[in-house]
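Chain residues, written in single-letter form:
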Amino acid sequence: MEITFWLLVGIPVLPLLGAAATAALRRRASRGMLAAIACSAVALAFACTVAALIRFGQAGGEGVLHAPLWSWGVAGVGLGLIGDSISIWFSLVVTGVGLLIHIYAAGYMADDPDYGRFFAKLNYFIFAMSLLVLADGFVGMLMGWANVGLASYLLIGFWNRRPAAAAAAKKAFWVNTVGEVGLILAMLILLTSSGSLRFADVLPQAGLLPPEVLNAAALLLLVGAVAKSAQLPLFVWLPDAMQGPTPVSALIHAATMVTAGVYLVVRAFPLFEAAPWGMPAVALVGVASAVFGAVAAMGQNDIKRILAYSTMSQVGYMMLAAGVGAYAAALFHFMTHAFFKALLFLGAGLVIHHFHGEQDVRRMGGLGRESPFVYWTFLIGTLALVGAPPLAGFFSKDEIVVELLAGGHTALWVLAVAAAGLTAFYMLRLFCLVFAGNPYRVDASDRGPAEAAAAAEHDAHSAGVPAVQAVPVLLLTILSIAGGWLWVPGLTHVPEAFFEPALARYGSPAPVHAGPVQAKEWTMGALLLVSAAGAAWAVKLFGKSRRADATGGAFARAAEAGFGFDAAYRAAFVEPLRALAGYAGRVMDPQVVDGAVNGIARLAGTAALALGRLHGGFVRRYALVLVTGVTAVLIYFLMAV
Amino acid sequence: MPGMPFSGYVLLSAVLFVAGLVGVLVRRSPLAALMSIELMWGAATLLFVAASRHLAAMGGHVFAFLIVVVGAAEAAIGLALIVLIFRGRDGADVDEVRSLRG
């Protein structure tokens with residue numbers, strides 16, 4: 001009991017201590033020291049998670065590790081940590097992938113003057129994310145939720161002298177605030193209707209609440225999930241969030257934080273299942289985001305924005321799985337996606353460094369011959385995402401899509417398979433443009449002298465990838481290959497068995513298998529066929545020539561503009577707010593606020609002038625006033641007696 | 001010797017005090033004002049001594065001596081101030097000293 005308590009507490013608290021230490025020492029300690037502090041804090045948190053997993057296994061995998069911290073007097077409102085299979089699973093990925101990305105960042109950020117600030121923020125993120133997934137109630141989860149939002153804001157805007165990064169950070173924060181409002185409203189509904197905010201109190205009695213209350217709570221929770229997970233229609237912040245340093249994109253905006261919405265839906269699944277609109281809404285959001293993200297990724301030219309839309313699409317798959325009750329498949333895809341998407345982002349960081357900060361895939365090419373290490377690791381990541389057997393993405397995506405057909409959701413199945421084809425297309429397009437063909441050479445006239453000098457200097461010592469970056473990439477490559485072998489149909493079923501007790505505790509019914517009996521064979525065949533077609537098409541278009549835009553200029557322009565979502569939000573929310581702020585600045589501030597302040601000042605001045613006239617400097621009048629006053633006092637007292 | 005009744009002293013003291021007060025208020029010469037103030041001191045001292053005898057208590061005498069001493073000091077300081085203020089001026093008029101006007 002004692003050890004369990006400290007293990008659970010250690011997972012979020014150790015990175016928090018690391019953040020405090022790196023922040024305090026960021027000007028005094030050496031770079032190596034700062035990186036060592038930050039990495040060891042996350043490594044210890046990972047060790048705590050593994051130890052918690054072992055204790056969880058010793059307890060038979062059925063129980064729940066629980067560490068109550070404190071209560072705020074109101075029944076059911078308090079903070080505590082739980083270690084059940086869902087939170088330990090998430091925590092393993094957060095601290096494990098987080099550790100690898102910390103190590104990679106130690107090399108990637110080596111030239112940055114704000115090394116300590118970067119690691120302090122990165123450690124702070126791990127703290128917030130662990131709190132989010134380990135909290136035993138909505139209150140603690142909201143605390144983690146808001147803190148990851150802040151960490152995301154701080155890290156997107158890490159290069160705070162770039163206006164684009166600052167704007168992207170603010171955008172992410174605003175959109176996530178919309179989600180947080182939804183989450184808080186849902187919590188208030190749950191607190192007033194069920195009297196508690198602890199998962200263990202609320203979720204078992206979810207079915208007893210009236211359906212309209214359940215609908216409201218589930219849809220508001222979904223608003224929070226949609227904003228955090230960059231799903232339709234609140235995805236607009238994610239592509240812009242790529243302004244942050246690439247390790248940040250890998251950790252926060254691909255592997256961990258954007259899956260918080262999936263965590264929320266899976267954690268609160270009894271609510272979504274009990275609410276009449278809950279599950280259809282989740283599935284709808286998921287499939288729409290999966291297709292939309294894949295279509296948008298086809299038209300992007302910035303390597304990181306392609307991966308960002310791809311993340312949106314893949315998180316859409318997880319939502320879709322959660323929306324049809326395939327929670328174990330959603331969690332499994334979350335883990336494999338964390339592996340290969342982190343790998344792809346870290347590889348993208350190497351690519352960007354190789355091309356001297358260039359992020360436009362049309363200005364890349366020929367990297368395959370120049371750097372075989374990047375080529376092979378990126379290829380594994382690409383194939384894992386596309387779903388080539390026997391890599392990780394094949395098994396996890398397959399598991400989701402099989403559930404769709406087995407559950408009888410034929411329309412969703414068709415859309416999911418189509419999105420897989422688009423996935424293969426945009427990933428192979430990205431891969432061919434970066435690695436195939438001849439190296440893109442900028443004309444000397446295009447390049448300023450300073451730029452050319454920097455490039456020449458860079459060329460001189462960019463022969464290889466430093467070990468500190470190569471090792472995490474290599475480990476993630478191995479995980480992207482082998483991560484899927486945890487759940488091979490007919491052979492292993494680790495996630496299913498691992499999550500079964502946690503899901504059964506709230507009486508999740510076994511998935512209904514209403515579809516055709518050969519769902520597995522049909523799905524596997526269709527996925528492989530469609531993905532191979534998409535990949536072949538992309539290779540045919542981009543394998544040799546440098547024709548970056550295969551689908552027409554209008555599509556590329558629309559994709560670049562995020563298909564009008566940004567413009568619509570600007571017209572609907574940003575411009576009215578600007579107008580209101582302008583009105584306040586032009587009218588409210590000078591006239592009402594300043595008017596009140598100036599009026600008070602003028603009143604004091606006028607009163608002072610009027611009273612000042614009494615001080616005429618006329619001594620005999622002072623004497624008379626004095627005498628009169630004394631006389632009046634005397635008369636008063638004499639009358640009183 | 002049949003002395004004056006106590007009320008006579010009180011009356012005399014009041015007359016002297018009011019005379020001094022009116023002097024302070026109406027005279028424009030600082031010397032006259034200072035003398036009027038001395039008159040008020042005298043009225044107060046007279047009342048103390050008379051009351052002391054009337055009540056057969058010695059406290060009033062003590063106060064009388066105290067007032068004489070303080071009055072002398074006040075006169076010295078007051079005269080010094082008047083000399084300083086009017087050294088650079090033509091006349092000596094209280095109403096012309098108005099540099100503290102607000």
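See the structure above.
Residues numbered from 1 in each chain as written. Chains lettered and ligands numbered in written order. Predicted model: local features only at pLDDT ≥ 70, side-chain atom pairs only at ≥ 80, totals over all residues. Heavy atoms only, no water.

1. As for the overall build of chain B
No. 1: Within chain B, the secondary structure is distributed over three helices and zero strands.
No. 2: Computed over the C-alpha atoms, the radius of gyration of chain B is 17 Å, more than 25% above the 13 Å expected from 2.2 N^0.38 for a compact globule of 102 residues.
No. 3: C-alpha atoms of chain B, sized along the principal axes, occupy 55 × 30 × 25 Å.
No. 4: A buried classification covers 27% of the 102 residues belonging to chain B.
No. 5: In chain B, once contacts between residues fewer than 6 apart in sequence are set aside, the share between residues at least 24 apart is 57%.
No. 6: Of the roughly 6,900 Å² of accessible surface on chain B, a fraction of 75% belongs to carbon and sulfur atoms.
No. 7: Once the 7 positive and 6 negative side-chain charges of chain B are each reduced to a mean point, those two points are 2 Å apart. (Helix = DSSP H or I, 4+ residues; strand = E, 2+ residues; numbered from the N terminus. Rg over C-alpha atoms; globule rule 2.2 N^0.38 Å. Buried < 20%, exposed > 50% of the residue type's maximum accessible area, 1.4 Å probe, protein only. Contact = heavy atoms within 4.5 Å. Areas by Shrake-Rupley, 256 points an atom, 1.4 Å probe, with all protein chains shown as cover. Lys, Arg positive; Asp, Glu negative; His and termini not counted. Charge placed at Lys NZ, Arg CZ, Asp CG, Glu CD.)

2. Re empty space enclosed by the protein
Residue and element names in this part refer to chain A.
No. 1: For the coordinates displayed, the defined rule picks out one cavity of 30 Å³ or more.
No. 2: In this structure, the largest cavity occupies an estimated 40 Å³ of space.
No. 3: As for the largest cavity, its lining consists of V386, G387, F394, K397, L527 and S531.
No. 4: Going through the elements one at a time, α18 (392-406) and α23 (519-542) are the ones with two or more residues in the lining of the largest cavity.
No. 5: Here the residues of the lining of the largest cavity are counted per class, giving three nonpolar, two polar and one charged. (1 Å grid on protein atoms, 1.4 Å probe; cavity = no way out; pocket = protein on both sides within 12 Å on 5 of 7 lines; lining within 4 Å. Points joined across faces, edges and corners; volume = space filled by probe spheres on them. Nonpolar A, V, L, I, M, F, W, Y, C, P; charged D, E, K, R; others polar.)

3. A look at the pairing of strand β2 (residues 78-83) of chain A
Residue and element names in this part refer to chain A.
No. 1: In terms of burial, β2 is a largely internal element, six of the six residues being buried.
No. 2: Burial of the side chains of β2 extends over both faces: G78, G80 and I82 are buried on one face and L79, L81 and G83 on the other.
No. 3: One ladder, built from six bridges, connects strand β1 (residues 65-71) with β2; its direction is antiparallel. Bridge pairing links A67 to L81 in β2. (Pairing = 2+ DSSP bridges.)

4. Quick look at the pattern of salt bridges
All names here are of chain A.
No. 1: Using the criterion set out here, one finds seven salt bridges over all chains in the structure.
No. 2: Linking R267 and D84 is a salt bridge whose minimum nitrogen-to-oxygen distance equals 2.7 Å. In this pair, R267 is assigned in helix α11 (residues 260-267) and D84 in the loop between β2 and α3 (85-108), connecting sequence segments 183 residues apart.
No. 3: For D84, a relative accessible area of 1% gives the class buried.
No. 4: A salt bridge links E575 to R578; the shortest N-O distance between them is 3.8 Å. Residue E575 and its partner R578 are both found in helix α25 (residues 565-612); the two are separated by three residues, about one turn of the helix.
No. 5: Taking relative accessible area as the criterion, R578 reaches 54% and is therefore assigned exposed. (Salt bridge = Lys/Arg side-chain N within 4 Å of Asp/Glu carboxyl O.)

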